[in-house]
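Chain by chain, the residues:
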Amino acid sequence: MSVRRLSRPKLSVHVSEYVGLVAALVAVWGVGDALSTLWAIEATGSIGGEANPWIRAVLAHDPALLLVVKTAVVAVVGGLLLSQREFVQSVPGWRLWFGSLLAVGSIIVAGNVSVGLAAVL
């Protein structure tokens, strides 16, 4: 008796370096920053530690509104970066710029997480 093997469908998606960097910015500055900010605020019970006055105002009004604001901002910025790809890539040092933004965003997310951990522990 022969055994029939089913082959897995292969998903092959090519994502360019530029699109990957834009997606990483959206993930860090949108999802990571929003969720870590909300968690730090929940853990501390205060919005006093938020450094950005605009975000502090949004949080004072309604913390859930932060998700709406962050989603709108990353949609606009991500859309602009994708639509202006040729221009951005023509600027010398554009990879360094993306890397710097990712590094700063990661530091901010790590700071938010450390504030939350300090409050919980």
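Since the structure is predicted, the reported quantities are computational estimates derived from the model, not experimental observations.

**Considerations on the overall build of the protein chain**
Across its full length, the protein chain holds five helices and zero strands. Helices and strands in the protein chain line up, N terminus first, as α-α-α-α-α. Burial status across the protein chain gives 26% buried among its 121 residues. Summarising the internal contacts of the protein chain: among those between residues at least 6 apart in sequence, 77% fall at separations of at least 24. By element, 67% of the accessible surface of the protein chain is carried by carbon and sulfur atoms, the whole surface being about 8600 Å².

**Looking at the UniProt feature "transmembrane region" (unreviewed entry) in the protein chain**
Here the UniProt feature "transmembrane region" (unreviewed entry) sits at residues 12–32, 64–82 and 94–120. Helix makes up 95% of residues 64–82 and strand makes up 0%, while its end C-alpha atoms are separated by 28 Å. Along residues 94–120 the backbone is 100% helical and 0% strand, and the end-to-end C-alpha distance reaches 39 Å.

**Notes on the nonpolar core**
Tyr 18, Leu 21, Val 22, Leu 25, Val 28, Leu 81, Val 88, Trp 94, Phe 98, Leu 102 and Val 109 form the largest nonpolar core, which has 11 residues in total. Counting only elements with at least two residues in this core, the list comes to helix H1 (17–44) and helix H5 (94–120). If you tally residues by element for this core, the top one is H1, at five residues. Val 109 has contacts with Val 28, Gly 32, Asp 33 and Ser 36, leaving out every residue within four places of it along the chain. Judged by nonpolar contacts, the second largest core, of five residues, contains Ile 41, Val 58, Leu 59 and Leu 66.

**Re the packing of aromatic side chains**
Where two aromatic rings form a pair, the distance of their centres and the angle of their planes describe that pair. In total, this model carries four aromatic pairs according to the counting rule given. Ring geometry for Tyr 18 against Phe 98: centres 5.5 Å apart, planes inclined by 80°, an arrangement best described as edge-to-face. In this pair, Tyr 18 is assigned in helix H1 and Phe 98 in helix H5, connecting sequence segments 80 residues apart. Comparing Tyr 18 with Phe 98, the two get one shared label, buried. Among the aromatic side chains, those forming a connected cluster through ring pairs are Tyr 18, Trp 94, Trp 97 and Phe 98.

Calculation rules
- Residues numbered from 1 in each chain as written.
- Predicted model: local features only at pLDDT ≥ 70, side-chain atom pairs only at ≥ 80, totals over all residues.
- Heavy atoms only, no water.
- Helix = DSSP H or I, 4+ residues; strand = E, 2+ residues; numbered from the N terminus.
- Buried < 20%, exposed > 50% of the residue type's maximum accessible area, 1.4 Å probe, protein only.
- Contact = heavy atoms within 4.5 Å.
- Areas by Shrake-Rupley, 256 points an atom, 1.4 Å probe, with all protein chains shown as cover.
- UniProt positions renumbered as here; feature names shortened; annotations may be inferred.
- Core = buried A, V, L, I, M, F, W, Y, C linked by side-chain atoms within 4.5 Å.
- Phe/Tyr/Trp six-rings, centres within 6.5 Å; stacked < 30°, edge-to-face > 60°.

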